Amino acid sequence: MLSVNVSLESAIPVDEIRYDEKGLVPAIIQDYLDGTVLMMAWMNQESLTKTLQTGETYFWSRSRQELWHKGATSGHIQKVQSIRYDCDSDALLIGVEQLGDIACHTGERSCFHQIDGKITPPPGDTLSQLFDVICDRRDHPSENSYTCKLFTEGDNKILKKVGEETVEVVMAFKDDQEDAIAGEVADLLYHLLVALAHHKVDIKAVYRKLQERRK
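If you're wondering where the values come from, they're calculated on a predicted model, not measured in any experiment.

1. Re the overall build of the protein chain
Counting its secondary structure elements, the protein chain contains five helices and nine strands. Its C-alpha radius of gyration of 21 Å places the protein chain more than 25% over the 17 Å reference for a compact globule of 215 residues. Projected onto its principal axes, the C-alpha coordinates of the protein chain cover approximately 60 × 40 × 30 Å. Considering only intrachain contacts with a sequence separation of at least 6, the fraction spanning at least 24 residues in the protein chain is 52%. Looking at the protein chain as shown, the accessible area adds up to about 12,900 Å², and 51% of this sits on carbon and sulfur atoms.

Below, the structure is given as structure tokens:
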């Protein structure tokens, strides 16, 4: 599997991608920060080339038999961050920044939002999923929830727990016990996510900072 920077148009072997008998290749679109699968669409050589030239996703509509620019009407444009193709060169995986955080024409974040006919948010990475649960507790309090109790007591309680858990993480590392380290780091991450949610800072803002520093 290869990964390329879309700013380097010449690095994509557009003519070497294995298109099917109709000249198409499936493209899975995912959030470049938390890995959530947003949608699946088809590309041909023209739409892939256009995507590379503009840095925004273009697809081929099989029903209309024409090129379409994702978000041109809705404003939910996808800014391409990376393109990967599989070992057989017959499928694409495209990491994007989804403007508006909506990829589906129904208004949902992801086209893959249904389980047994029910609307269910698609899974992202573990921290993003946990953050979503924490935000739901914040917005829909439950009497017996520890998370809700933290929100009720506010910054003093939340930040005190962050401090306590930080000390426990340090001690776990000092003891050099793998299971204890993993457990204490998990506790610290949870309380940090509660603090983020309390101050209404999206975890994606943290991911963006990490991405910027990685570059």
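2. A look at the pattern of salt bridges
Counted by the stated rule, this structure contains eleven salt bridges. Between Lys-204 and Asp-31 there is a salt bridge whose closest N-O contact spans 2.6 Å. Of this pair, Lys-204 sits in helix H5 (residues 203–214) while Asp-31 sits in strand E2 (residues 25–31), and the two are 173 residues apart along the sequence. Overall, the relative accessible area of 3% leaves Asp-31 in the buried class. Here Arg-137 ties to Asp-136 by a salt bridge, and the two come within 4.0 Å at their closest N and O atoms. Assessed through its relative accessible area of 31%, Arg-137 is described here as partly exposed.

3. Focus on the nonpolar core
Counting 21 residues, the largest nonpolar core has Met-43, Leu-48, Leu-92 and Ile-94 as its most contacted members. Those elements that provide at least two residues to this core are E2, strand E3 (37–43), helix H1 (45–54), strand E6 (78–85) and strand E7 (92–98). Counting residues per element, this core draws most heavily on E3, at four residues. Beyond its immediate stretch of four places on either side in the chain, Ile-94 contacts Ala-27, Ile-28, Ile-29, Gln-30, Met-43, Thr-57, Val-80, Ser-82 and Ile-83. Counting residues in each nonpolar core, the second largest holds 15 residues, with Leu-33, Leu-150, Ile-203 and Tyr-207 among its members.

4. Digging into the packing of aromatic side chains
The final tally for this structure, using the stated rule, is two aromatic pairs. Centroid distance Phe-59 to Trp-68: 5.1 Å. Interplanar angle 45°. Geometry classified as tilted. The cationic tip of Lys-50 hangs over the ring face of Tyr-58; the distance from NZ or CZ to the ring centre is 5.6 Å.

5. Quick look at H1
Within H1, burial applies to Ser-47, Leu-48, Thr-51 and Leu-52. Viewed end-on, H1 has its buried residues packed into an arc of 140°, placing them on one side of the element. Against the buried residues of H1 lie E3, strand E4 (58–61), strand E5 (66–69), E6 and E7. Near the N-terminus of H1, the side chain that reaches the backbone nitrogen of Glu-46, with its oxygen 3.2 Å away, is that of Asn-44. Positioned one or two residues after H1, Gly-55 has a phi angle of 75°, which is positive.

6. Some points on the pairing of E3
Two strands pair when backbone bridges link them, and E2 and E3 are joined in this way by six bridges, in the antiparallel orientation. From the neighbouring strand, Ile-28 faces E3, where its bridge partner is Met-40. Hairpin remark: E2 followed by E3, antiparallel, with five residues in the connecting loop; positive phi at Gly-35, about 80°.

7. Observations regarding a nonpolar patch on the surface
On the surface, a nonpolar cluster with roughly 240 Å² of combined accessible area is contributed by Val-37, Met-40 and Phe-112. Of note, Phe-112 is situated in the loop between E7 and strand E8 (114–115). Phe-112 gets classed as partly exposed once you look at its relative accessible area, which sits at 46%.

8. Things to note about the confidence of the model for the protein chain
Looking at the protein chain as a whole, its pLDDT mean stands at 92, while 95% of the residues score no less than 70. For the protein chain, the element scoring lowest by mean pLDDT is strand E1 (residues 2–4), at 46; helix H4 (residues 178–198) scores highest, at 98. Scored below 50 in pLDDT, residues 1–6 shows 16 contacts in the model against residues more than four places distant or in partner chains.

9. A few points about the environment of Ala-91
Within the secondary structure layout, Ala-91 lies in the loop between E6 and E7. Excluding residues within four positions of it along the chain, Ala-91 makes contact with Val-25, Pro-26, Arg-84, Tyr-85 and Asp-86.

Scoring rules and cut-offs
Residues numbered from 1 in each chain as written. Predicted model: local features only at pLDDT ≥ 70, side-chain atom pairs only at ≥ 80, totals over all residues. Heavy atoms only, no water. Helix = DSSP H or I, 4+ residues; strand = E, 2+ residues; numbered from the N terminus. Rg over C-alpha atoms; globule rule 2.2 N^0.38 Å. Contact = heavy atoms within 4.5 Å. Areas by Shrake-Rupley, 256 points an atom, 1.4 Å probe, with all protein chains shown as cover. Salt bridge = Lys/Arg side-chain N within 4 Å of Asp/Glu carboxyl O. Buried < 20%, exposed > 50% of the residue type's maximum accessible area, 1.4 Å probe, protein only. Core = buried A, V, L, I, M, F, W, Y, C linked by side-chain atoms within 4.5 Å. Phe/Tyr/Trp six-rings, centres within 6.5 Å; stacked < 30°, edge-to-face > 60°. Lys NZ or Arg CZ within 6 Å of the ring centre and 35° of its normal. Arc of directions from axis to C-beta. Polar contact = N/O pair within 3.5 Å; in protein donor to acceptor, adjacent residues only side chain to side chain. Pairing = 2+ DSSP bridges. Patch = residues over 30% accessible without salt bridge, like charges linked within 9 Å, V, L, I, M, F, W, Y side chains within 5 Å. pLDDT = per-residue confidence, 0-100.

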